[in-house]
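Observations on the model geometry
Each chain, written out:
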Amino acid sequence: MIFLTVGSSLPFDRLVAAVDELIAPAKLDEVFAQIGDTLYRPQKMRWVQTLSKNDFDRVLADARFVISHAGVGTIASALSLGKPLIVMPRQRAFGEAVNDHQVSTAERFGAAGHILVAHDAQQLATCLAQVVSFTPKPRSAQPRAVSQRVAAFLNTLVDP
Amino acid sequence: MNADRPRRKPVIAVGASAGGHTNELLPLLEHTDLWPELPSFYVTTLDILAEKYAARGGRTYVIGECDRRKLLDIPKVIWRSLRCACRERPDAVVTTGSMPLALFCLWAKLLGAKIVWIDSIANTDGLSLSGRLVRSFADLCLTQWPQVAQRVRGVEYAGQLI
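A brief structural summary.

Rules of the game
- Residues numbered from 1 in each chain as written.
- Chains lettered and ligands numbered in written order.
- Predicted model: local features only at pLDDT ≥ 70, side-chain atom pairs only at ≥ 80, totals over all residues.
- Heavy atoms only, no water.
- Helix = DSSP H or I, 4+ residues; strand = E, 2+ residues; numbered from the N terminus.
- Rg over C-alpha atoms; globule rule 2.2 N^0.38 Å.
- Buried < 20%, exposed > 50% of the residue type's maximum accessible area, 1.4 Å probe, protein only.
- Axes fitted to C-alpha atoms, helices over the stretch in contact; angles between N-to-C directions.
- Parallel < 35°, antiparallel > 145°, perpendicular 65-115°, else oblique.
- Contact = heavy atoms within 4.5 Å.
- Nonpolar A, V, L, I, M, F, W, Y, C, P; charged D, E, K, R; others polar.
- Buried area = accessible area lost by both parts, 1.4 Å probe.
- Salt bridge = Lys/Arg side-chain N within 4 Å of Asp/Glu carboxyl O.
- Pairing = 2+ DSSP bridges.
- Core = buried A, V, L, I, M, F, W, Y, C linked by side-chain atoms within 4.5 Å.
- Arc of directions from axis to C-beta.

Along its length, chain B carries six helices and seven strands. Its C-alpha atoms give chain B a radius of gyration of 15 Å, near enough to 15 Å, the size a compact globule of 162 residues would have. With the principal axes as the frame, chain B shows a C-alpha extent of 40 × 40 × 35 Å. Here chain B, with 162 residues, has 57% of them falling under the buried criterion.

Next up, the structure:
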């Protein structure tokens, strides 16, 4: 199963339509989608509007690979499971987001070899051909270091 | 503003909006063993996240979503976040954003809390809109990109959460 997610709220018609239309030409196996408030109604895949976080995690774990918007939540979740991920960043010009932060997020993570990035349907088709041989570069974050900094601050609130 | 420091156990609130902000908060919560006290309660924006926090055993408040596109939802979020802040009176708030949590931080600050704002890793080149608002009154403001810390005064880089 291939998991397509655009997050749980904002519409992303461009990506959902692009995947739906590529299912036949790219010979994709079963696709399951979380489409949020997207207006486009997929013809060739099963879809839901919203998944709970726990259901989302289950579907993600079962997926062969993932296609999504450039939400950092999805990127982090996919990377933590070592799932190959193709990302299409939302663009402000198409009314898909309030700014272009997803474009810079996608470029940062793409340049580091963590994800494949497609900016339009044509590039998505290219990425779908590449994804079978793509192994995401594992990511090492530093949550403990951040927590340590927060702890140092919180300790100043406690009387010695 | 309340200048007195808490005498005993500080009441620590942690919170994040649904989506990426939550994905960033959860790894931080894996390391609260370093903190002087564990979080007393959680603040999130959607019911679908509540189960995730409930599993951790703390009280959870759902304050709703709002952003630049959903201005009409702001009064609801203001009311819910204000009610939560008044009821709990936290000594500190630790959050990864976004706008609804910025509102919660504002009320908590006015009621005497210290604010720790960790801007989302999605903001690679500067602070988010909500981050820019909170920076003016936050007590500790962290970014997850070194280049942002270099560019924005009063903002520190301490690592990446995801």
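This brings us to the packing of helix H2 (residues 53-62) of chain A against helix H2 (residues 47-54) of chain B. Put simply, H2(A) and H2(B) touch, their axes get as near as 8 Å, and they point 85 degrees apart. By the criterion of interaxial angle, the relationship of H2(A) to H2(B) is roughly perpendicular. Across the interface between the two elements, Lys53(A), Asn54(A) and Asp57(A) from H2(A) touch Ile48(B), Leu49(B), Glu51(B) and Lys52(B) from H2(B). For the contact of H2(A) with H2(B), the per-class residue count stands at two nonpolar, one polar and four charged.

In many reports, interface size means the accessible area that the parts give up when they come together. Contact with chain A, which involves 42 residues of that partner, is made by 49 residues of chain B. Interface area, chain A with chain B, both sides summed: about 3900 Å², of which 61% is carbon and sulfur. For the chain A face of the interface with chain B, the top three residues by lost area are Lys53(A), Arg144(A) and Leu157(A), together amounting to 15%. Our count for the chain A to chain B interface comes out at four salt bridges.

Next up on the list: the sheet that holds strand E2 (residues 41-44) of chain B. Residue and element names in this part refer to chain B. If you walk across this open sheet you meet the seven strands as E3-E2-E1-E4-E5-E6-E7, and the pairing is parallel. Looking at the sheet topology across the chains shown, the edges are occupied by strand E3 (59-62) and strand E7 (156-157). Two elements, strand E5 (residues 114-118) and strand E6 (residues 140-143), share three bridges in a ladder whose sense is parallel. Bridge pairing in E6 places Val 116 opposite Leu 140.

Applying the stated criterion across every chain yields a total of twelve salt bridges over all chains. The shortest N-O distance in the salt bridge between Arg46(A) and Glu30(A) comes to 2.8 Å. With Arg46(A) in strand E3 (residues 46-48) and Glu30(A) in the loop between helix H1 (13-22) and strand E2 (31-34), this residue pair connects regions lying 16 residues apart in the sequence. The partner of Asp55(A) in a salt bridge is Arg58(A), and the shortest N-O contact between them spans 2.3 Å. Within this pair, Asp55(A) and its partner Arg58(A) are both found in helix H2, separated by three residues, close to a single helical turn. One salt-bridge network, in which partners are shared between bridges, spans Lys53(A), Asp57(A) and Lys52(B).

Moving on: the sheet that holds E3(A). All names here are of chain A. A sheet is described by the order of its strands in space; here six strands give the open sequence E3-E2-E1-E4-E5-E6, paired in parallel fashion. In the strand order of this sheet, the two ends are held by E3 and strand E6 (116-117), each with one partner. Judged from the three bridges that link them, E2 and E3 form a sheet pairing that is parallel. What sits directly across from Ala 33, in E3, is Trp 47. The strands touched by helix H3 (residues 72-80) are strand E1 (2-5), strand E4 (65-68) and strand E5 (85-87); relative to E5, the strand with the most contacts, the crossing angle is about 160 degrees.

Further remarks concern the nonpolar core. For soluble globular proteins, the rule of thumb is that nonpolar side chains tend to be buried together. Ranked by internal contacts, the top residues of the largest apolar core, which has 51 residues, are Phe3(A), Ile75(A), Val93(B), Phe104(B) and Ile115(B). Secondary structure elements with two or more residues in this core: H2, H3, E5 and helix H4 (101-111) of chain A together with E2, helix H3 (74-88), helix H4 (99-110) and E5 of chain B. By residue number, the principal contributor to this core is H4(B), which donates seven residues. Beyond its immediate stretch of four places on either side in the chain, Phe3(A) contacts Phe32(A), Gln34(A), Leu51(A), Phe56(A), Val59(A), Leu60(A), Ala63(A), Phe65(A), Val66(A) and Ile67(A).

Let us look at H2(B). What H2(B) keeps buried is the set Leu49(B), Ala50(B) and Tyr53(B). Buried residues in H2(B), looked at end-on, bunch into an arc of 115 degrees, giving them a common side. In this structure, the buried side of H2(B) is in contact with H2 of chain A together with helix H1 (20-29), E2 and E3 of chain B.

Omega for the peptide link from Gly97(B) to Ser98(B) comes to 5 degrees, which places this bond in the cis form. Structurally, Ser98(B) can be placed in the loop between strand E4 (92-95) and H4. The backbone of Lys27(A) sits at a positive phi, close to 50 degrees, despite the residue not being glycine. Mapping Lys27(A) onto the fold places it in the loop between H1 and E2. The phi angle at Arg89(B) is positive, at roughly 45 degrees, despite the residue not being glycine. Within the element layout of this structure, Arg89(B) appears in the loop between H3 and E4.

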